[in-house]
Amino acid sequence: MSLYAWTIRVPGREPIARVTDIAELHGVMRVLDLPGLLNPTDITGATNGIVPDNGKFRHVDANDGFDWSVAWTRLDGIAP
């Protein structure tokens with residue numbers, strides 16, 4: 001299982017930064033119920049379902065100005 005260092009930035013709160021597997025990142029994104037987020041795997045998954053080693057996504061809603069982002073980096077090594 002790969003570990004990822006990731007950060008979610010949401011207006012009005014401190015950034016959420018952790019090192020976990022990709023499933024936990026997806027879970028946090030679901031709990032935050034972010035606008036414009038249909039499925040976290042659509043953001044982090046490649047067309048073949050493999051998560052890229054590095055990535056970032058930013059959602060900006062021009063109507064309400066809500067701007068959030070997520071960035072991740074795969075760390076070397078395998079978790080036990």
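Here the structure is a predicted model, which is why all the values come from computation and not from measurement.

1. Thoughts on the pattern of salt bridges
Point 1. If you walk through the whole model with that rule in mind, you get one salt bridge.
Point 2. Taking the shortest distance from any N to any O, the salt bridge between Asp67 and Arg58 comes out at 2.4 Å.

2. Topic: the pairing of strand S4 (residues 67-74)
Consecutive side chains along a regular strand alternate between the two faces of the sheet.
Point 1. Note that strand S1 (residues 4-9) and S4 share six bridges and pair antiparallel. Bridge pairing in S4 links Thr7 to Ala71.
Point 2. Linkage of strand S3 (residues 54-60) to S4, two consecutive antiparallel strands, is achieved through a turn of six residues, within which Gly65 is found at a positive phi near 75 degrees.

3. Some points on the sheet that holds strand S2 (residues 16-20)
Point 1. In space, the four strands of this open sheet follow the order S2-S1-S4-S3, with antiparallel pairing throughout. Two strands lie at the open edges of the sheet, namely S2 and S3, each paired on one side alone. When the angles between neighbouring strand axes are averaged without regard to direction, this sheet yields 10 degrees.
Point 2. Direction of pairing for S3 relative to S4: antiparallel, over a ladder of seven bridges. What sits directly across from Asn54, in S4, is Thr73.

4. Some points on the packing of aromatic side chains
Point 1. The tally for this structure, following the rule as stated, stands at one aromatic pair.
Point 2. Ring centres 5.4 Å apart and planes at 50 degrees place the aromatic pair Phe57 and Trp68 in the tilted group. One end of the pair, Phe57, is in strand S3; the other, Trp68, is in strand S4, and 11 residues separate them in sequence.
Point 3. In this structure Phe57 comes out as partly exposed when scored by relative accessible area, which is 27%.

5. Points about the nonpolar core
Point 1. Ranked by internal contacts, the top residues of the largest apolar core, which has 16 residues, are Trp6, Ile8, Leu25, Met29, Trp68, Val70 and Trp72.
Point 2. Every element with two or more residues in this core is listed here: S1, helix H1 (22-32) and S4.
Point 3. It is H1 that contributes the most residues to this core, four residues altogether.
Point 4. With residues up to four places along the chain from it excluded, the contact list for Ile8 reads Pro15, Ile16, Leu25, Val28, Met29, Leu32, Ser69 and Val70.

The rules behind each value
- Residues numbered from 1 in each chain as written.
- Predicted model: local features only at pLDDT ≥ 70, side-chain atom pairs only at ≥ 80, totals over all residues.
- Heavy atoms only, no water.
- Salt bridge = Lys/Arg side-chain N within 4 Å of Asp/Glu carboxyl O.
- Pairing = 2+ DSSP bridges.
- Helix = DSSP H or I, 4+ residues; strand = E, 2+ residues; numbered from the N terminus.
- Axes fitted to C-alpha atoms, helices over the stretch in contact; angles between N-to-C directions.
- Phe/Tyr/Trp six-rings, centres within 6.5 Å; stacked < 30°, edge-to-face > 60°.
- Buried < 20%, exposed > 50% of the residue type's maximum accessible area, 1.4 Å probe, protein only.
- Core = buried A, V, L, I, M, F, W, Y, C linked by side-chain atoms within 4.5 Å.
- Contact = heavy atoms within 4.5 Å.

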